[in-house]
Amino acid sequence: MNVSWLVEKMVFRMDSPVVFDETLKSDLQAEAARLGFSVCGVAPVQPEKRREYYLKWIAEGQHGEMAWMERNIERRLDPGLILPEARSVLCLGMNYFQTEPSRRGRIAKYALGRDYHGLMLKKLKKLCHWLRLKGGQNRPYVDTGPVLEKPLAVRAGLGWQAKNTMLIHPKIGNWLFLGEIFTTLEIPPDEGVSDHCGDCIACIEACPTGAITAPYQLDARRCIAYLTIEHQGAIPEEFREAIGDRLFGCDECLDVCPWNRWAQATREEKFAARQYPDLREMLAWSEEEFRAHFRQTPILRLKRPRWLRNICVVLGNIGTLEDLPALEKAANDPDPLVAEHANWAIEKIKGRV
Ligand code: SF4
Ligand code: SF4
């Protein structure tokens, strides 16, 4: 049992909310900016409007192996059930945009540097402390708990959920890490931002695997981000060539979005891209070497076999004869997942030359 959580639960029992005025709200936004948040909006505590869509999406299994999405569905769809005492939800975002270093094998921008969860949680806790001084009892979330963060961010006026299903902020674009604070304070909510996708379908056309099956609809099972990060087993052969040189995640439907043309590089140094050795060298890593290189990054949770699986797919698509010795060694890896993907890559390279 986490004692601080218990204490937080106890103090959350309040009978009447404290009403916050607009001046305090601008102070709150100034404090959020001072802590390093790029955006801060306030959503009312209301049930999710796209309930039927979400339930159908889950029922059709479009979330793939992400079983956690099936859990606590009612609470996900109604933030009021998460914390009945909460009167407002603060939605905060941190810009993580940066250009990718040029190297063999691409990593999605969100994973180029340090994992954001711990960093953002610390900042949210500092903001909770500030809110507590104003009379609020608060609970922070960073990709934790049954929180549907993008619809909440839309209601908090941070942007709109676009045809690529991502949140677009009119000035920052798609590149926002999101976190939330549920608070007993009654804070005036922000106005929503209308959908500005218009006639554009650039993201749908750019998706290498046809994962955006229609505007605003994503079949996660086809998405490269899902296949290279969430999917546990062998990557279905039908998608391997389309993965191209993407080692971890995919930014294709974000990179082509015209709303990202004004994106500015993040000022958070901890998100700065890390350097890694070439794919051939990484293919020979032990689990310990893998962990040492990816400590505190989002890639760590992949573990060695799936990282090597992804390297093999990329080498199968972009590798040369010089990569064959490393792949032949990987083809004898005791893990069958690595061995099978290495054999696939060897065949692909030999087929090309
Ligand atoms: S992340 Fe890549 S694969 Fe997934 S929907 Fe976007 S473009 Fe398609
Ligand atoms: S690429 Fe076009 S359609 Fe897709 S999210 Fe951006 S604006 Fe919307």
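None of the values given here were measured: they were computed from a predicted structure.

(A) Representation of the pattern of salt bridges within the structure. Following the criterion strictly, the structure yields 18 salt bridges and no others. The closest approach of N and O atoms between lysine 25 and aspartate 190, which form a salt bridge, is 3.1 Å. On the criterion of sequence distance, the pair formed by lysine 25 in helix 2 (residues 22-34) and aspartate 190 in the loop between strand 7 (176-183) and helix 8 (202-206) is long-range, its members being 165 residues apart. Lysine 25 sits in the buried class, given a relative accessible area of 4%.

(B) Here's a closer look at the confidence of the model for the protein. Scored by pLDDT, the protein has a mean of 91; 95% of the residues are at 70 or more. When the criterion is pLDDT under 50, residues 1-15 qualifies, and its contacts beyond four places in sequence or with other chains add up to 19 contacts.

(C) Representation of the side chain of glutamate 252 in the model. Assignment of secondary structure puts glutamate 252 in helix 11 (residues 252-255). A polar atom in the side chain of glutamate 252 sits 2.7 Å from the side chain of arginine 246. If near-sequence neighbours (up to four positions away) are discounted, glutamate 252 is found in contact with Arg106, Ala206, Pro208 and Arg246.

(D) A look at the site of ligand 2. Around ligand 2, the neighbouring residues are Ala162, Lys163, Asn164, Ile168, Cys197, Cys200, Ala202, Cys203, Cys257, Pro258 and Trp259. Split by residue class, the shell around ligand 2 holds nine nonpolar, one polar and one charged.

(E) Up close: the site of ligand 1. Lining the immediate surroundings of ligand 1 are Cys207, Pro208, Thr209, Ala211, Ile212, Leu218, Cys223, Ile224, Cys250, Glu252 and Cys253. For the shell around ligand 1, a count of residues per class yields nine nonpolar, one polar and one charged.

(F) Layout of the packing of helix 13 (residues 287-294) against helix 14 (residues 303-318). Their axes nearest at 9 Å, the elements helix 13 and helix 14 cross at an angle of 85°. One element, helix 13, and the other, helix 14, form an angle in the roughly perpendicular class. Across the interface between the two elements, Glu287, Phe290 and Phe294 of helix 13 pack against Lys303, Arg304, Pro305 and Trp307 of helix 14. For the contact of helix 13 with helix 14, a count of residues per class yields four nonpolar, no polar and three charged.

(G) Local environment of the side chain of glutamine 161. Within the element layout of this structure, glutamine 161 appears in strand 5 (residues 160-161). A distance of 3.1 Å separates the side chain of glutamine 161 from the backbone oxygen of threonine 165, its partner in a polar contact. For glutamine 161, the contacting residues outside a window of four places in its chain are Arg50, Lys150, Pro151, Val154, Met166, Leu167, Asp195 and Tyr216.

(H) Spatial organisation of the sheet that holds strand 1 (residues 39-44). Spatially, the four strands line up as an open sheet ordered 1-2-7-4, and their pairing is antiparallel. The open sheet has two free edges, formed respectively by strand 1 and strand 4 (138-141), since each of these has just one partner strand. Neighbour-to-neighbour, the strand axes of this sheet turn through a mean angle of 25°, independent of strand direction. Looking at chain direction, strand 2 (residues 88-95) and strand 7 are connected through eight bridges and run antiparallel. By the bridge assignment, cysteine 91 is partnered in strand 7 with glutamate 180. Seen against the sheet, helix 6 (residues 116-133) touches strand 2, strand 4 and strand 7 and runs at an angle of roughly 35° to strand 7.

(I) Empty space enclosed by the protein, seen in detail. Tallied over the entire structure, the rule returns three cavities of 30 Å³ or more. Size it by volume and the largest cavity reaches roughly 60 Å³. Every residue lining the largest cavity is listed: Glu48, Arg75, Arg76, Pro79, Ile82, Pro146, Val147, Leu148, Pro151, Leu152 and Arg155. Residue assignment for the lining of the largest cavity shows that the elements contributing at least two residues are helix 4 (73-77), helix 5 (79-82) and helix 7 (149-155). Among the elements that make up the lining of the largest cavity, the one with the highest residue count is helix 7 (three residues). Class assignment for the residues of the lining of the largest cavity results in seven nonpolar, no polar and four charged. For the second largest cavity, the calculated volume is near 50 Å³.

(J) Geometry of the domain arrangement of the protein. By domain assignment, the protein separates into domain 1 (3-183) and domain 2 (276-353). Domain 1 and domain 2 are separated by 35 Å when their C-alpha centres are compared. The interface is formed by ten residues belonging to domain 1 together with 14 residues belonging to domain 2. Carbon and sulfur atoms make up 54% of the surface buried where domain 1 meets domain 2, a total of about 940 Å² over both sides. For aspartate 278, the salt bridge is made with arginine 104, and the minimal N-O distance between the two is 2.9 Å. Where domain 1 packs against domain 2, one counts three residue pairs in polar contact (both at pLDDT 80 or more). Taken together, the residues of the side of domain 1 that touches domain 2 sort by class into four nonpolar, two polar and four charged.

About the criteria used
- Residues numbered from 1 in each chain as written.
- Chains lettered and ligands numbered in written order.
- Predicted model: local features only at pLDDT ≥ 70, side-chain atom pairs only at ≥ 80, totals over all residues.
- Heavy atoms only, no water.
- Salt bridge = Lys/Arg side-chain N within 4 Å of Asp/Glu carboxyl O.
- Helix = DSSP H or I, 4+ residues; strand = E, 2+ residues; numbered from the N terminus.
- Buried < 20%, exposed > 50% of the residue type's maximum accessible area, 1.4 Å probe, protein only.
- pLDDT = per-residue confidence, 0-100.
- Contact = heavy atoms within 4.5 Å.
- Polar contact = N/O pair within 3.5 Å; in protein donor to acceptor, adjacent residues only side chain to side chain.
- Near = heavy atom within 4 Å.
- Nonpolar A, V, L, I, M, F, W, Y, C, P; charged D, E, K, R; others polar.
- Axes fitted to C-alpha atoms, helices over the stretch in contact; angles between N-to-C directions.
- Parallel < 35°, antiparallel > 145°, perpendicular 65-115°, else oblique.
- Pairing = 2+ DSSP bridges.
- 1 Å grid on protein atoms, 1.4 Å probe; cavity = no way out; pocket = protein on both sides within 12 Å on 5 of 7 lines; lining within 4 Å.
- Points joined across faces, edges and corners; volume = space filled by probe spheres on them.
- Domains from an automatic or database assignment.
- Buried area = accessible area lost by both parts, 1.4 Å probe.

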